[in-house]
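Next come the chains, spelled out residue by residue.
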Amino acid sequence: MLRLSDEERLALEQDGVKLPLGITPYYMSLIAPNDPEQPLRRTVIPTLQEVVKGPGEADDPLGEESQSPVPGLVHRYPDRVLLLLSDFCSTYCRYCTRSRLVGHGALRPSRSRIDRALEYIRATPSIRDVLLSGGDPLLLSDDRLAWILLRLRQIAHVEIVRIGTKVPAVLPQRITPQLVRMLRRYHPLWMSLHFTHPEECTVEAYRACAQLADGGIPLGSQTVLLKGINDEVETMTALVHHLMKMRVRPYYLYQCDPITGSAHFRTAVEKGVEIIRGLRGFTSGYAVPTYVVDAPGGGGKIPLMPNYVVGQQGDELILRNYQNGLYQYPNGPCSDNLL
Ligand SMILES: *Cc1c(COP(=O)(O)O)cnc(C)c1O
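Residues numbered from 1 in each chain as written. Predicted model: local features only at pLDDT ≥ 70, side-chain atom pairs only at ≥ 80, totals over all residues. Heavy atoms only, no water.

A.B. asks: Quick rundown of the overall build of the protein? Include the residues and the values.
C.D. replies: On a plain count of helices and strands, the protein comes out with 10 helices and 12 strands. Relative to the compact-globule value of 20 Å for 339 residues, the protein shows a C-alpha radius of gyration of 21 Å, a close match. Along the first, second and third principal axes, the C-alpha atoms of the protein reach 65 × 55 × 40 Å. Of all 339 residues assigned to the protein, the portion counted as buried reaches 51%. Carbon and sulfur atoms form 54% of the exposed surface of the protein, whose accessible area is close to 15800 Å². (Helix = DSSP H or I, 4+ residues; strand = E, 2+ residues; numbered from the N terminus. Rg over C-alpha atoms; globule rule 2.2 N^0.38 Å. Buried < 20%, exposed > 50% of the residue type's maximum accessible area, 1.4 Å probe, protein only. Areas by Shrake-Rupley, 256 points an atom, 1.4 Å probe, with all protein chains shown as cover.)

This is the structure in structure tokens:
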């Protein structure tokens, strides 16, 4: 199906590649057979660069293992938890933040493990928001997913449930009327979708998102900033404009995590800030995601923004607008400079 480059062929012959190769036939149909530099192809076909461990890289940079009270559950923030249902995906992203476990067959949606996680959530009343992730939760059968959603709904303090999935981008055929009918029984249910590039916004992806939105599920997108793939203002603008038309609110733009073998995907943080500066003011405010760095060691997501506060003159604040114009705002006296 593809004419492999030497870099790709050698990577496939190596033992060092930890994350399996997996691509749905649908997503494969979007891949250029003869162009190893095509953005979508680079996100799913490994190259030799993946086996090179660079400085500052780690298998678990976010320290998820140390914040996991029961297997497959990460409790980092006071009021919400991340529940990893399985470790399998339909298509494996080469920059996966959980490549240490995804696709290894060790994290299964077994009854006993999910029961332990549910028990922890039940016993922890501060948890009002449960994120289902993995792996991709939508690869579970409708019945299994319904079983988990029902158990979560039976816990009074769980106010909302969120599902994180790449299925609308890589396997849109999985979004069926039956699935949506099942999901809508468990509202308020939110979804975070993973879209990376405008070429993923096909007729099929539009249709999948329309079904979910019509099912009353608020949709957000989480996009990873990737060098040479979506790190231009123009590309990102095209992506967020597609997402708005798909009724998907751009939620987060992630700095690519320093997982082992990710150097070829990571941009400098300044690039992300430049992209936000190129969006804010130039397009709908709803289309501008929050750019975040997930702090190594488990510090959580830290937002980064262009600095629009230029300085202070007496009680006046000097602010910069999106067109680089300077404006004075009569702030009044303030003892602490928190800006
Ligand atoms: C990202 C994340 C969340 C959710 O964060 P939000 O900012 O609420 O979307 C929760 N737990 C963990 C461990 C996370 O990495």
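From this point on, the discussion continues.
A.B. asks: A description of the sheet that holds strand 12 (residues 326-330) should follow, citing residues and the corresponding values.
C.D. replies: Strands sit in the order 10-11-12 across an open sheet of three strands; the sheet is antiparallel. In this open sheet, the two edge strands, each paired with only one partner strand, are strand 10 (309-313) and strand 12. Strand-to-strand twist in this sheet, taken as the mean axis angle between neighbours without regard to direction, amounts to 25°. Summarising the sheet, strand 10 and strand 11 (residues 316-320) pair through four bridges and their orientation is antiparallel. Across the sheet, the residue bridging to Gln312 is Leu317, located in strand 11. (Pairing = 2+ DSSP bridges. Axes fitted to C-alpha atoms, helices over the stretch in contact; angles between N-to-C directions.)

A.B. asks: Can you break down the side chain of His264 residue by residue, with the values?
C.D. replies: Structurally, His264 is set in the loop between strand 7 (248-255) and helix 10 (269-279). Its relative accessible area of 12% is what places His264 among the buried residues. Here the side chain of His264 touches Gly261 through a polar contact of 3.5 Å, landing on its backbone oxygen. (Polar contact = N/O pair within 3.5 Å; in protein donor to acceptor, adjacent residues only side chain to side chain.)

A.B. asks: If you had to explain the pattern of salt bridges to someone new, which residues and values would you point to?
C.D. replies: For side chains bearing opposite charge, pairing can occur when the charged atoms are close. Evaluation of the coordinates by the stated rule reveals 18 salt bridges. The salt bridge involving Arg94 is made with Glu50; its shortest N-O contact spans 2.9 Å. Placement of Arg94 in the loop between strand 2 (80-84) and helix 4 (111-122) and of Glu50 in the loop between helix 3 (39-44) and strand 1 (73-77) is noted, with a sequence separation of 44 residues between them. One exposure class covers both Arg94 and Glu50, and it is buried. Taking the shortest distance from any N to any O, the salt bridge between Lys271 and Glu274 comes out at 3.7 Å. One end of the pair is Lys271 and the other is Glu274, both in helix 10 and three residues apart, which spans about a single turn. Through salt bridges with shared partners, a single ionic network connects Asp60, Glu64, Glu65, Arg98 and Arg100. (Salt bridge = Lys/Arg side-chain N within 4 Å of Asp/Glu carboxyl O.)

A.B. asks: Explain the sheet that holds strand 4 (residues 160-165) to me, and be specific about the residues and the numbers.
C.D. replies: Taken together, the nine strands give an open sheet; going across it, the order is 1-2-3-4-5-6-7-8-9, and neighbouring strands pair in mixed fashion. The open sheet terminates on both sides in strands that have one partner only, identified here as strand 1 and strand 9 (300-303). On average, each strand axis in the sheet is tilted by 30° relative to the strand beside it, whichever way the strands run. The pairing of strand 4 with strand 5 (residues 189-193) spans five bridges and is parallel. Bridge pairing links Val161 to Leu189 in strand 5. Contacts from helix 8 (residues 203-214) reach strand 5, strand 6 (219-225) and strand 7, with the element oriented near 140° to strand 6. Each of strand 6, strand 7 and strand 8 (290-295) is contacted by helix 10, which is oriented at about 160° to strand 8, the strand it contacts most. (Contact = heavy atoms within 4.5 Å.)

These results come straight from atomic positions and should not be treated as a statement about function.
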